[in-house]
Amino acid sequence: MYHEEVDRIATHDNIASSSLLREYGGHLCDTDLWLAGRKACIELGIDALRFLMSTEGVAKEGEVTSRDGWVHKKFFYTTWIVKRRIQTVEDFEANPVGRMDEDTIAQQALRTVQHYRETQKKLDPIFYLLHSGSWVPGIGEYAQGRLGLMLFSKVLYAEKRRVRKDVRNIGEDHVKFAKICAEERIAPVIFGGEDITTNHGPFIHPKLLRELFFPYLTRIVKAFRKQDIKYVFHSDGDLWPLLDDFLAAGVQGMHPLEPFCGMDLLRVKERIGDRVVLFGNIDCSATLPLGTVEDVTKEVIERIKEAGPGSGYVLGSSSEIEEIVPVRNVEAMFGALRRYGKFPR
C-alpha cells in the first residue's frame, strides 16, 4: 500500500474489541485510542487498519435513545434502529430526499480529508484504510436505514419514480463528495462500503442494482482512479451474482468475502483474483470467536495456500475483530501469517 516491495502476504483488520486494545494498548486506551490501536497493530503484525472501536466509555449496553422520530438501541459498539421516522407509504411520500448544497458537501469532504491525514499521522507506519459510506452510491443505507426493507420493497414498485429520484439525489451528492476527496488526493487506498447483499445474495434484484447502484459506483471509482487512488468495495454477504458488475465498475479490491455466506476464497481467487485484490475471509462468525488456536491456525494456513500464490490477497477477518473473539485467537491468526505467509526468496 506504500508501493514498496513486500516479503510476505499483507494483513489488515478492523478492531472492535476493548479487550484486545487494553491487552496491547494499556494506558493509551485512556488517552488516545488511535495510539493504542497503533501499538496493538505493530505488536500483532497488522499492516493496515480500517476502523477502531471500543466499548469503554460509550453508551451503556441496551441504552435507548430517541431523536427526531428515530429510536435507537445500543448493542456493544453498534447502534441499531428500533423505530424509524418514516414508517408508512404516506410518511415516505411526505419526506423526499433532497439534494445537499455544494458548500455543505465540500465542507464534509474536506473534514474527511483532514480526519484521514491527522489519523494517518498518528498510526504511521500502520496504514489507515479509511472507510466511508459517502463514497458509495447510497442505496444500501437508503433501503435498510432510511426506510427499512419492508417499506422499501413496497415503495420500490408502488412509487418507483420517486425511489429513482431519491436514489439519484443521494448518488449525485456522493459522486460530488468523492470527486472532492479524490482531487485532494486523500489517500493511496480507500474503502467504500455499504451492504447490498444478504447471506443468500443481493436484497435488490441485480437488474435494479445495475440501474440504481452501479452507474454511480462506476463514476465514484472513476473519480478516485483518475487520481491513482485504489478503490476497495465492502459489502457483507453473498456477492457471487455481482462480481462481474464490480469488475465492470472498476473496483480494485473486494472485502470481506465472508466464508459463512459462500464466498469460498479459492473460487473467488480463480474467478477475479487476477484483476482485484482480495481482503479478509478468516471466518469471524465461527472460527475466530468459537474456535481453538489450532482451528484458527489451520484456517490461516488454508487461506495462504488458496490465495497466497501470486498474492493479491490481504489477510484479515471476514468483517472485524469483535469483543467475543479471544485475544489468543487474534494472536494465532496473525502469528500463523508471520510464520507461514512469507514469500520465497
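Residues numbered from 1 in each chain as written. Predicted model: local features only at pLDDT ≥ 70, side-chain atom pairs only at ≥ 80, totals over all residues. Heavy atoms only, no water.

*Asks:* I'm lost on the overall build of the protein chain in this one. Help?
*Replies:* On a plain count of helices and strands, the protein chain comes out with 14 helices and 15 strands. A globule of 345 residues ought to have a C-alpha radius of gyration of about 20 Å, and the protein chain, at 20 Å, matches this closely. Counting only residues that meet the buried cut, the protein chain has 52% of its 345 residues in that class. Restricting to contacts in the protein chain with at least 6 residues of sequence separation, those with at least 24 account for 74%. Counting only carbon and sulfur atoms, one obtains 51% of the accessible surface of the protein chain, whose full area is about 16500 Å². (Helix = DSSP H or I, 4+ residues; strand = E, 2+ residues; numbered from the N terminus. Rg over C-alpha atoms; globule rule 2.2 N^0.38 Å. Buried < 20%, exposed > 50% of the residue type's maximum accessible area, 1.4 Å probe, protein only. Contact = heavy atoms within 4.5 Å. Areas by Shrake-Rupley, 256 points an atom, 1.4 Å probe, with all protein chains shown as cover.)

*Asks:* How should I be thinking about the pairing of strand S3 (residues 64–67) in this particular structure?
*Replies:* Looking along a regular strand, one sees side chains alternate from face to face of the sheet. Both S3 and strand S4 (residues 70–75) contribute to a ladder of four bridges, which runs antiparallel. The residue of S4 that forms the bridge with Val64 is Lys73. Between S3 and S4, which pair antiparallel one after the other, the connecting turn spans two residues, and Asp68 there sits at a positive phi close to 50 degrees. (Pairing = 2+ DSSP bridges.)

*Asks:* Looking at this model, I keep getting lost on the packing of aromatic side chains. Mind explaining?
*Replies:* Remark: the centre distance and the inter-plane angle together describe each pair of aromatic rings, the angle taken between the planes. Scanning the entire structure with this criterion turns up 11 aromatic pairs. Consider the rings of Phe213 and Phe233, whose centres lie 6.0 Å apart with planes at 80 degrees: the pair is edge-to-face. On the criterion of sequence distance, the pair formed by Phe213 in the loop between helix H8 (206–212) and helix H9 (214–226) and Phe233 in strand S11 (residues 230–234) is long-range, its members being 20 residues apart. Relative accessible area serves as the criterion here: at 0%, Phe213 is assigned to the buried category. (Phe/Tyr/Trp six-rings, centres within 6.5 Å; stacked < 30°, edge-to-face > 60°.)

*Asks:* Looking at this structure, I do not really get the nonpolar core. What am I missing?
*Replies:* Generally speaking, a soluble globular protein has its nonpolar side chains buried in company with each other. Ranked by size, the top nonpolar core spans 105 residues in total, and within it Trp135, Ile186, Leu217, Phe224, Tyr231 and Phe246 carry the most contacts. A per-element tally of this core places helix H7 (residues 160–183) first, with eight residues. Ignoring anything within four residues of it in the chain, the contact list for Phe224 reads Trp135, Ala178, Cys181, Ala182, Ile186, Ile190, Ile229 and Tyr231. (Core = buried A, V, L, I, M, F, W, Y, C linked by side-chain atoms within 4.5 Å.)

*Asks:* Just checking my understanding: could you explain the sheet that holds S4 for this structure?
*Replies:* Paired through their backbone hydrogen bonds, the strands of a sheet run either parallel or antiparallel. Across the sheet, which stays open at both edges, the three strands sit in the order S3-S4-S5 with antiparallel pairing between neighbours. Among the strands making up the open sheet, the edge pair consists of S3 and strand S5 (78–83). For this sheet the average axis-to-axis angle between neighbouring strands, irrespective of direction, equals 30 degrees. (Axes fitted to C-alpha atoms, helices over the stretch in contact; angles between N-to-C directions.)

*Asks:* How should I be thinking about the environment of Asp7 in this particular structure?
*Replies:* Position of Asp7 relative to the elements: it lies in the segment before strand S1 (10–16). With relative accessibility at 44%, the residue Asp7 sits in the partly exposed group. Each C-alpha atom of the pair Asp7 and Pro344 lies 8.0 Å from the other, and the pair is 337 residues apart in sequence.

*Asks:* Sorry if this is basic, but what is going on with the side chain of Asn329 here?
*Replies:* With respect to the secondary-structure elements, Asn329 resides in helix H14 (residues 327–340). Note on Asn329: relative accessible area 3%, which makes it buried. Residue contacts for Asn329: discarding those within four places in its chain leaves Thr287, Leu288, Gly291, Thr292, Val293 and Val296.

*Asks:* Could you clarify how one ought to interpret helix H4 (residues 102–123) in this entry?
*Replies:* Helical periodicity: at 3.6 residues per turn, an α-helix aligns residues three or four positions apart in one direction. The end-to-end C-alpha separation of H4 is 31 Å, in line with the 32 Å expected for 22 residues at 1.5 Å each. Of all the residues in H4, the buried ones are Ile105, Ala109, Thr112, Val113, Tyr116, Thr119, Gln120 and Leu123. For H4, the arc enclosing every buried residue in end-on projection is 140 degrees, short of the 170-degree limit, so these residues lie on one face. What points out from H4, more than 90 degrees from its buried face, is the exposed set Asp103 and Lys121. Residues of H4 that are buried in the fold lie against helix H2 (33–44), strand S2 (48–52), strand S6 (127–128) and H7. The backbone nitrogen of Asp103 has a side-chain oxygen 3.2 Å away, supplied by the residue at the start of H4, namely Asp101. (Expected span 1.5 Å × (residues − 1). Arc of directions from axis to C-beta. Polar contact = N/O pair within 3.5 Å; in protein donor to acceptor, adjacent residues only side chain to side chain.)

*Asks:* Whenever I open this one, the environment of Gly26 confuses me. Can you help?
*Replies:* Looking at the element boundaries, Gly26 is found in the loop between helix H1 (18–25) and H2. Gly26 sits in the partly exposed class, given a relative accessible area of 22%. A sequence separation of 13 residues divides Gly26 from Lys39, and the C-alpha atoms of the two residues are 9.3 Å apart.

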